[in-house]
Amino acid sequence: MRVGILGPVQVAGGEIGGARVRALLVRLALDPGRVVTADRLIDDLWPDEPPAHPMAALQSLVSRARREAPGLIASHPAGYVLDVRPDEVDAWAFERLVRAGDAHKALALWRGGALAGAYDLPFAAAPAARLEELRLTALAARIAADLAAGGDADLVAELEELVAAHPLHEPFHALLVRALTATGRRAEALDAFERTRAALASELGVDPGPELREAHLEALRDAEPRSNLPARLTSFVGRSDDLARLSGLLGRARLVTLVGPGGVGKTRLAVELAAELAVPDGVWLVELATATGVRAAVEATLRTTDLVRALRGSAPVIVLDNCEHLIEDAARTARWLLSEVAGLRILATSREPLDIPGESLHHVRPLPEAQAAELFTVRAAATRPDLPLEREEAARICRELDGIPLAIELAAARLRTMPVSVLVEQLGDRLAFRGGRTSEPRHRTLRAVIDWSWNLLSERERDLLRGLTVFSGGATYEAISQVCGGDPDLLSSLVDKSLIGVTGDRYTMLETIRQYAAADLPELRQAHARYYTALAETAEPGLRTGEQLRWLAVLDAEQGNLDAALRHSDDPLRLVLPRFWSWIMRGRYREMTEQAAAVLRRVGDAPPPGRELAHGICRAVTGSAPSRAVLDSDHPAALASWAISGLGSPAGLVDLAERSVERLRDHPDLWTRSAALLGAGIVRFEYGTVAGAEHLLEPAVAGFRAIGDRWGQWAGLFWLSLVAENRGDFAAAVALAEEPEQLAAELSGLDMLLGPMTFQLRVGHLKARAGDHAGAARALGRAWEAALRSGDQAFVARAMHARADLARRTGDPGEAARLLEAALALDADLPAQPKAFMYVELARVTASGEPLRWALELMATCSDRTARATVLEGVAEHLEPEAAAELLGAARALRGIGASADPHVNELAARCRVALGEDAYRAASERGAAMPNPERYALSPLSSP
């Protein structure tokens, strides 16, 4: 809070001096953000005798207040305003919290008497009284909540103090009676009621109100609540959030219905909630699964034929369980009872709502993964206590079972007779899982559970439910209407009956229900494939515009349907073509390759007429040489596929990239021109003249900026950063690496190419090499925390290496050596490149030549030229000037640059020049640049004694 008036006046936590200044702040705080006129302020602050010059006195007072509370009071032509939001004034926040029912947070704001800074001024009297009344209301609400959680002696003591301080405040007396009753002091509770009744009659001439009378009745009733709830046979796992919400709902509504699919645990949840309720007039479970009439079932449970007479004047809770097969009768009976018995509350379970006035719904959904895994683990341990079960294994099984508690219980029971591996193989036949001998017939198997719902459907509803099984991962209404012709009323009915769900703008279905309702529907499958083929073709051009985020979101949401359509389409090559670019943008190269290979297996080696391009791209991304249809195309996927295929040789790839730029230089589409430049720039950096890559990448980025293509900008900037790093300009490399971070975050799927951990690690490395040690420490700190959370040992090792490099640069070689040795000792499957870098760094801090030998041996067969150059530069630090100069020349040739901007490399080169002379240095450098295998050469001087 910026301004506090609930107690001594405070601004930003500090108390304010000066009585008149405090009064001014209190007056303005009563209307935060609103202008209080000068006349009103003068009248309120000097109510008895205004000063001789009121306006001057007010201005002087405001000046003093501004010194005490700078930046808070703003001037206005008509007066002054406290320039804060209402929620920054504690009194306003207090009132909002009280009215929202958050008594605990509200009372935490109360520091003393309200408006204490102006207690003697008339303007404060009414607001202070209102705030004090709200405080008493909040106190009563807080104590009532604490009492509901379990009354104790502390509450009784607090209430006794409150009734002494407020002898005619009925809510406190009612709570005291309840607290005494809850702690077993029934006689004292009755005495407290009688004293309060007498005081009210004597002082006010009134009788106790309904709240106090109800507390008195509770004290008079039998102590033990009546109930027919069954005792627990197994532990109740999870659902704490559901219980909390339901408890709140049942406190506000008289009819709460738990709705959800079969087997999701509605009955168990309702019974658990009912068992927690403190209801002196009884909690009754009415089981309707085998009933033929609801009213008769309620009468049989309560053992009466006159329900209204038996219940009127009391406040019981009735649980109507399994209403769905008697839904009309259940709705009529519930409405009649609620209308006739004012104190009655009903908790219903059903696969669809009762749909009567006053009903509050609670959707019981499958268990979240963590709770589902906990339930499976607990039940599996009860079946086989000696069974080792990994948490991730349990979670995977529960995901397969949709998190449905009944399915999890049935699966866990099967572990009594089979290993986990066999159970996993049988998950596809989950509908046949059987329960115990005493299970109800409708819960004996998952198939029986869904049979119960299926039998309540109309034939049209069944047809639509079958049709919905062709979708994967949900579907929009438009897709359903186009493919199945389903009308909104039928869909709504299936949602109400908990056979499908609605999430955002999508209809969803549990896999268990899909397996049950699935049928051979070839015509619908082809309609589905046609719809999603058209969607992919519409989305693909949008991926290359400023609208790409929206279209990527559409394709991400529909990935399951797109994959299903590709499997079942009669024309898979038509659908695979518009999907290539989204796979490339998301970095899903493995998925793209697998899908292309699957399509080729279906269509064969010869392309169907009109599908030559799609067929050629499929072949290219699976490793074949691109066809002429691909090489001559300007399709986005074609431009990328020949680069992915590699063409068998770097020289061939460089030649094709350069010819592609020439061919598309005058293409009318800016995106196509920019993509050709980007691809050629990447190829030039990887396989050709590295220095020339910038001349292609920079105009590519400019083109993508003009279009609004975030992916193109990200890719171009990333490669430009690599180019800058290669020439040793680390400051530029940092700037170019950090610029696309927001683009990557917006595109989200780019974490498959350059994840947040890798990004922070790379930026930290670059900042350290650029001399920004503080910035490097921050970036590497984030990377280290992420590495530890991930549990990826290879990444932990790389993060250790980066921290070791920074430790050396900041003057702590001992810490650097410790980190490097720990990284190399980890059981991490490290590629050759990072391991070689670690050995080079280890040699720097231990003055040992052996790690350099290991690094060179790792690089001898490496194809990454910049990695080889980095290792050669590191080895050169430890050699005599002539050999060092030769390796620096070899590194420069590998990097494809004329001169390095790396200050460390330049310092080493300068030392060699001094030792050798300019001519000898240049000759040695040129010899090194011509070496075919400089790593083998470098091993020789390291072997010399």
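A few points on the structure. (Residues numbered from 1 in each chain as written. Predicted model: local features only at pLDDT ≥ 70, side-chain atom pairs only at ≥ 80, totals over all residues. Heavy atoms only, no water.)

1. Overview of the overall build of the protein
Here is step 1 of the chain: A tally of helices and strands in the protein yields 49 helices and 14 strands.
Here is step 2 of the chain: Its C-alpha radius of gyration of 38 Å places the protein more than 25% over the 30 Å reference for a compact globule of 945 residues.
Here is step 3 of the chain: Seen along its three principal axes, the alpha-carbon backbone of the protein occupies a region of about 115 × 90 × 60 Å.
Here is step 4 of the chain: When the 945 residues of the protein are sorted by exposure, 50% land in the buried category.
Here is step 5 of the chain: Relative to all contacts within the protein whose residues are 6 or more apart in sequence, the contacts with residues 24 or more apart total 67%.
Here is step 6 of the chain: Counting only carbon and sulfur atoms, one obtains 51% of the accessible surface of the protein, whose full area is about 43000 Å². (Helix = DSSP H or I, 4+ residues; strand = E, 2+ residues; numbered from the N terminus. Rg over C-alpha atoms; globule rule 2.2 N^0.38 Å. Buried < 20%, exposed > 50% of the residue type's maximum accessible area, 1.4 Å probe, protein only. Contact = heavy atoms within 4.5 Å. Areas by Shrake-Rupley, 256 points an atom, 1.4 Å probe, with all protein chains shown as cover.)

2. Focus: the pattern of salt bridges
Here is step 1 of the chain: This structure, assessed with the given rule, holds 64 salt bridges.
Here is step 2 of the chain: Between arginine 586 and aspartate 556 there is a salt bridge; the shortest N-O distance is 2.5 Å. Taken as a pair, arginine 586 in helix α28 (residues 572-586) and aspartate 556 in helix α26 (residues 548-557) lie far apart in primary sequence, 30 residues in all.
Here is step 3 of the chain: Taking relative accessible area as the criterion, arginine 586 reaches 4% and is therefore assigned buried.
Here is step 4 of the chain: On the accessibility criterion, aspartate 556 (30% relative accessible area) is partly exposed. (Salt bridge = Lys/Arg side-chain N within 4 Å of Asp/Glu carboxyl O.)

3. Focus on the sheet that holds strand β8 (residues 283-287)
Here is step 1 of the chain: As summarised here, the arrangement of the five strands in space is β8-β9-β10-β7-β11, forming an open sheet in which the pairing is parallel. The strands lining the two open edges of the sheet, one partner per strand, are β8 and β11 (359-363). Here the strands of the sheet are splayed against their neighbours by 20 degrees on average, with no regard to which way each runs.
Here is step 2 of the chain: Note that strand β9 (residues 317-321) and strand β10 (residues 345-350) share four bridges and pair parallel. Residue pairing across strands places isoleucine 318 opposite isoleucine 346, the latter belonging to β10. (Pairing = 2+ DSSP bridges. Axes fitted to C-alpha atoms, helices over the stretch in contact; angles between N-to-C directions.)

4. Here's the deal with helix α2 (residues 38-45)
Here is step 1 of the chain: Turning to α2, its buried residues are Ala38, Leu41, Ile42, Asp44 and Leu45.
Here is step 2 of the chain: In this structure, the buried residues of α2 make contact with α1 (19-29), β4 (35-37), α3 (54-68), β6 (79-82) and α6 (122-148).

5. Concerning the sheet that holds strand β13 (residues 501-503)
Here is step 1 of the chain: One open sheet accounts for three strands, arranged β12-β14-β13; its pairing is antiparallel. Strand pairing shows two members of the sheet lacking a second neighbour, β12 (475-476) and β13, which therefore form its edges.
Here is step 2 of the chain: Alignment of β12 against strand β14 (residues 506-508), held across two bridges, turns out to be antiparallel. By the bridge assignment, alanine 475 is partnered in β14 with tyrosine 507.

6. A short note on the packing of helix α25 (residues 522-542) against α26
Here is step 1 of the chain: It is the contact of α25 with α26, at a shortest axis distance of 8 Å, that shows an interaxial angle of 150 degrees. Classified by the interaxial angle, the pair formed by α25 and α26 is roughly antiparallel. Relative to α26, the crossing made by α25 is left-handed. Note on element contacts: α26 touches α25 through Gln548, Trp551, Val554 and Leu555, opposite Leu535, Thr538, Ala539 and Gly542. (Parallel < 35°, antiparallel > 145°, perpendicular 65-115°, else oblique. Left-handed = near helix turned anticlockwise from the far one by under 90°.)

7. Observations regarding the pairing of strand β5 (residues 73-76)
Looking down a regular strand, the side chains alternate between one sheet face and the other.
Here is step 1 of the chain: Here β5 pairs with β6 via four bridges, running antiparallel. Residue pairing for β6: serine 75 is matched across the bridge by tyrosine 80.
Here is step 2 of the chain: If you look at the hairpin formed by β5 and β6, you'll find two residues sitting between the two strands.

8. A word on the environment of leucine 499
Here is step 1 of the chain: One can find leucine 499 in the loop between α23 (488-496) and β13.
Here is step 2 of the chain: Exposure remark for leucine 499: the relative accessible area of 5% places this residue in the buried category.
Here is step 3 of the chain: Sequence spacing of leucine 499 and glutamate 352 is 147 residues, and the spatial spacing of their C-alpha atoms is 9.5 Å.
Here is step 4 of the chain: Discounting chain neighbours no more than four positions away, the residues touching leucine 499 are Ser453, Leu457, Leu465, Leu494, Met509 and Ile513.

9. Points about the pairing of β9
Here is step 1 of the chain: Counting buried positions along β9 yields five of five residues, so the element is predominantly enclosed.
Here is step 2 of the chain: Neither face of β9 is left uncovered, since the one carrying Val317, Val319 and Asp321 and the one carrying Ile318 and Leu320 both have all their residues buried.
Here is step 3 of the chain: Bridge count for β8 against β9 is five bridges, and the pairing is parallel. Considered in β9, the bridge of tryptophan 284 is made with isoleucine 318.
Here is step 4 of the chain: In this fold, the crossover linking β9 to β10 by way of helix α15 (residues 327-340) has right-handed handedness. (Right-handed = clockwise from strand over helix to strand, strands pointing away.)

10. Remarks on the packing of aromatic side chains
Here is step 1 of the chain: A complete count under the given rule lists twelve aromatic pairs for this structure.
Here is step 2 of the chain: Arranged with centres 5.2 Å apart and planes meeting at 55 degrees, the rings of phenylalanine 94 and tryptophan 110 form a pair that is tilted. Of the two residues, phenylalanine 94 sits in helix α4 (residues 90-99) while tryptophan 110 sits in the loop between α5 (103-108) and α6, which places them 16 residues apart along the sequence.
Here is step 3 of the chain: Assessed through its relative accessible area of 0%, phenylalanine 94 is described here as buried.
Here is step 4 of the chain: A centroid spacing of 5.6 Å and a plane angle of 0 degrees characterise the contact between tryptophan 714 and phenylalanine 718, whose relative ring orientation is stacked. Of this pair, tryptophan 714 and phenylalanine 718 both sit in helix α36 (residues 710-726), four residues apart, which is roughly one turn of that helix. Grouping residues by exposure puts tryptophan 714 and phenylalanine 718 together as buried.
Here is step 5 of the chain: Three or more aromatic residues link up through ring pairs in this structure, and these residues are Trp581, Trp671, Phe704 and Trp711.
Here is step 6 of the chain: Taking NZ or CZ as reference, arginine 544 lies 5.2 Å from the ring centre of tryptophan 671, over its face.
Here is step 7 of the chain: Above the ring of tryptophan 784, the side-chain terminus of arginine 803 is found at 4.3 Å from the ring centroid. (Phe/Tyr/Trp six-rings, centres within 6.5 Å; stacked < 30°, edge-to-face > 60°. Lys NZ or Arg CZ within 6 Å of the ring centre and 35° of its normal.)

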